[in-house]
Protein chains: 2
Amino acid sequence: MEKNALLAERNRGFFRAKKLLVLNVVSSPGSGKTTFIRETAARLGARWRVGVIVGDLATDNDAARLRTAGIPVVQITTGTVCHLDADMVAKAAGQLDLDKLDVLIIENVGNLVCPADYDLGEDLRVVLLSTTEGEDKPLKYPPMFHSAHVAVVTKSDLAIPAGFDRQQALANLRRISHHAEVFELSAKTGNGMQPWLDFLVRERAARG
Amino acid sequence: MEKNALLAERNRGFFRAKKLLVLNVVSSPGSGKTTFIRETAARLGARWRVGVIVGDLATDNDAARLRTAGIPVVQITTGTVCHLDADMVAKAAGQLDLDKLDVLIIENVGNLVCPADYDLGEDLRVVLLSTTEGEDKPLKYPPMFHSAHVAVVTKSDLAIPAGFDRQQALANLRRISHHAEVFELSAKTGNGMQPWLDFLVRERAARG
């Protein structure tokens, strides 16, 4: 763990030198990470070039989905390991032409527990909470939600059929992720994407 | 891990002596474990008495939800641990009057990775896959889906708005959970619950 913290700081320094904005996207399985990243990359594409590192226990399905959208992507398959670590990310980043990128998005393994303890050297940890998962998840997985800089409520198009209690969800996020920026959107319909993209543009611009 | 395997076998023997049918219910966060268990217990209630042990990192929300339905329940809060283990289950079971129960349902921590490696002494491992998570989850979390005796597709009421590819999901389950019984249902609407309940009644009856 301590070794991971050191390697994460090395990553952080390396990414800063490259003027990359680096996001570590974490969530439950099936919260819509890949669709969210694909739509973010596509919509930022006119202004900033986005690369992706994606982690899964098995398959390269997510990498394939991103690659067909023209996004440079490296897949890490972790086997039975429930999170990415800084060393895996360093090795994967070495397979991308970082000088051609402005933003690097790391899609972590779908898991609301293990990735909380592993700094990857990111600038921003982004936790997704989909409307179909229920509004209590921040309370039930506090280390992850507490450690996030940004919380994104995804699948807002399914909020009504899923019976999502939006006010309760936002209250729970305020309680656990009290320092986090909060966005609500549907990557599928595009609703609510713009404030999130504006935020990223500001964050990236602040890095020169 | 080896110690867990021994304690799990001890649990298994103890539960058999008590003629309990024991389920270990695993899934992603927000797949609907608690609603599924509550509806299962309520509908079995006329015939079999059901008790529940529920695991979460934090909060006793799930226990409270089950208790208001009149179900005997013990909550385990694991702190930062991403799964239940056999020792936690043995201690929690000691707080239930097992002689008054026919079925014991263990709701594991919401996680598709860590609980795969921890036998709790259950008779049946039941993995849930909600329609809102997407049909690729068995491929992406093979150890968990491979180890399950039963796979339940939940939230079938949301299949259409979520764009769930049912045929692909069933094909993926056949590929990874090839020995598992598969059920499709909505605990919220009650649709599809009956075949699952009939299955449990048969399994419980086989235990004398």
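My aim in this report is to walk through the structure given alongside it, one point at a time. (Residues numbered from 1 in each chain as written. Chains lettered and ligands numbered in written order. Predicted model: local features only at pLDDT ≥ 70, side-chain atom pairs only at ≥ 80, totals over all residues. Heavy atoms only, no water.)

Residues and elements named next belong to chain A. With parallel pairing, the seven strands of this open sheet are ordered in space as β3-β2-β4-β1-β5-β6-β7. Of all strands in the sheet, those bounded by a partner on one side alone are β3 (73-77) and β7 (181-184). Put simply, the sheet's adjacent strands are angled 20° from each other on average, direction ignored. Here four bridges tie strand β6 (residues 150-154) to β7, and the two strands are oriented parallel to one another. Bridge pairing links Ala 151 to Val 182 in β7. Sitting on the sheet, helix α2 (residues 33-44) touches β1 (21-26), β2 (50-56), β4 (103-107), β5 (124-130) and β6, and the angle it makes with β4 is about 170°. Packed on one face of the sheet, helix α8 (residues 166-176) meets β5, β6 and β7 and runs near 160° to β7. (Pairing = 2+ DSSP bridges. Helix = DSSP H or I, 4+ residues; strand = E, 2+ residues; numbered from the N terminus. Axes fitted to C-alpha atoms, helices over the stretch in contact; angles between N-to-C directions. Contact = heavy atoms within 4.5 Å.)

Here we take up the pairing of β4(A). Residue and element names in this part refer to chain A. Counting buried residues along β4, five of its five residues qualify, which places the element largely inside the surrounding structure. Where β1 meets β4, five bridges bridge the pair, whose relative direction is parallel. Bridged to Asn 24 within β4 is Ile 106. Relative to β4, β2 is paired through five bridges, and the arrangement is parallel. Among the inter-strand pairings, Val 50 is bridged to a residue of β4, identified as Val 103. (Buried < 20%, exposed > 50% of the residue type's maximum accessible area, 1.4 Å probe, protein only.)

Let's shift gears to helix α1 (residues 2-17) of chain B. Residue and element names in this part refer to chain B. With 16 residues, α1 ought to run about 22 Å at 1.5 Å a step, and its terminal C-alpha atoms sit 23 Å apart, in line with that. Within α1, the full set of buried residues consists of Asn 4, Leu 7, Ala 8, Asn 11, Arg 12 and Phe 15. Seen along its axis, α1 keeps its buried residues to an arc of 150°; they face one direction. The exposed set on the far side of α1, more than 90 degrees from its buried face, consists of Glu 2, Lys 3, Leu 6, Arg 10, Arg 16 and Ala 17. Close packing links the buried residues of α1 with β1 (21-26), α4 (86-93) and β4 (103-107). (Expected span 1.5 Å × (residues − 1). Arc of directions from axis to C-beta.)

Turning our eyes to something else, we now look at unusual backbone geometry. Residues and elements named next belong to chain B. The phi dihedral of Lys 19 falls on the positive side, at around 55°, and the residue is not glycine. Within the element layout of this structure, Lys 19 appears in the loop between α1 and β1. According to the relative accessible area criterion, Lys 19 is partly exposed, its value standing at 45%. Even without glycine at this site, Thr 59 takes up a positive phi of about 75°.

Turning to the packing of aromatic side chains, a few remarks are in order. Under the counting rule described, the total for this entry stands at eight aromatic pairs over all chains. Relative to Trp196(B), the ring of Phe36(B) has its centre 5.1 Å away and its plane inclined at 35°; by these criteria the two rings are tilted. Of this pair, Phe36(B) sits in helix α2 (residues 33-44) while Trp196(B) sits in helix α9 (residues 193-205); the two residues are 160 residues apart in sequence, bridging distant segments of the chain. There is no split in this pair, since Phe36(B) and Trp196(B) are both buried. Every member of this aromatic cluster is reached through a ring pair, and the members are Phe36(A), Phe183(A), Trp196(A) and Phe199(A). (Phe/Tyr/Trp six-rings, centres within 6.5 Å; stacked < 30°, edge-to-face > 60°.)

Here the focus is the state of the cysteines. All names here are of chain A. Within the structure shown, the criterion is met by two disulfides over all chains. One disulfide bridge connects Cys 82 with Cys 114, the sulfur atoms lying 2.3 Å from each other. Handedness of the Cys 82-Cys 114 disulfide follows from its S-S torsion of about -110°: it is left-handed. With Cys 82 in the loop between β3 and α4 (86-93) and Cys 114 in the loop between β4 and β5, this residue pair connects regions lying 32 residues apart in the sequence. Accessibility classification places Cys 82 together with Cys 114 in one group, the buried group. (Disulfide = S-S within 2.5 Å.)

What follows is about the relation of the copies chain B and chain A. Mapping chain B onto chain A calls for a screw motion: a turn of 180° about the axis and a shift of 0.0 Å along it, with 0.0 Å RMSD after fitting. Here the transformation between the copies is reduced to the relation of a two-fold axis. Interface residue correspondence from chain B to chain A reaches 100%, placing this contact among same-surface, isologous pairings. (Least-squares fit on C-alpha atoms with pLDDT ≥ 70 in both.)

A few words now on the pairing of strand β6 (residues 150-154) of chain B. Put simply, side chains in a regular strand alternate between the two faces of the sheet. Residues and elements named next belong to chain B. The buried fraction of β6 is high, at five of five residues. Of the two faces of β6, the one carrying Val 150, Val 152 and Thr 154 and the one carrying Ala 151 and Val 153 are both buried. Bridging between strand β5 (residues 124-130) and β6 involves five bridges; their strand directions are parallel. Residue pairing for β6: Leu 128 is matched across the bridge by Val 152.

We now examine the side chain of Ser177(B). With respect to the helices, strands and loops of the structure, Ser177(B) is situated in the loop between α8 (166-176) and β7 (181-184). Contact partners of Ser177(B), with chain neighbours within four places excluded, come to Phe145(B), His146(B) and Asn172(B).

Residue and element names in this part refer to chain B. Strand order across the open sheet formed by seven strands is β3-β2-β4-β1-β5-β6-β7, with parallel pairing between neighbours. Single-partner strands in this sheet number two, and they are β3 (73-77) and β7. The sheet shows a mean angle of 20° between the axes of neighbouring strands, direction not considered. Running at roughly 160° to β7, α8 makes contact with β5, β6 and β7 of the sheet.

Moving on, we get to the pattern of salt bridges. Residue and element names in this part refer to chain B. For the structure on display, the rule yields 36 salt bridges over all chains. With a closest N to O distance of 2.8 Å, Lys 91 and Asp 87 form a salt bridge. One end of the pair, Lys 91, and the other, Asp 87, are both in helix α4, four residues apart, so they sit about a helical turn from each other. Under the relative-accessibility criterion, Lys 91 is labelled exposed at 55%. Here Asp 87 falls in the partly exposed class, since its relative accessible area comes to 30%. Close ionic contact of Lys 140 with Asp 136 constitutes a salt bridge, the shortest N to O distance being 3.5 Å. (Salt bridge = Lys/Arg side-chain N within 4 Å of Asp/Glu carboxyl O.)

As far as function goes, none of this settles anything; it's purely spatial.
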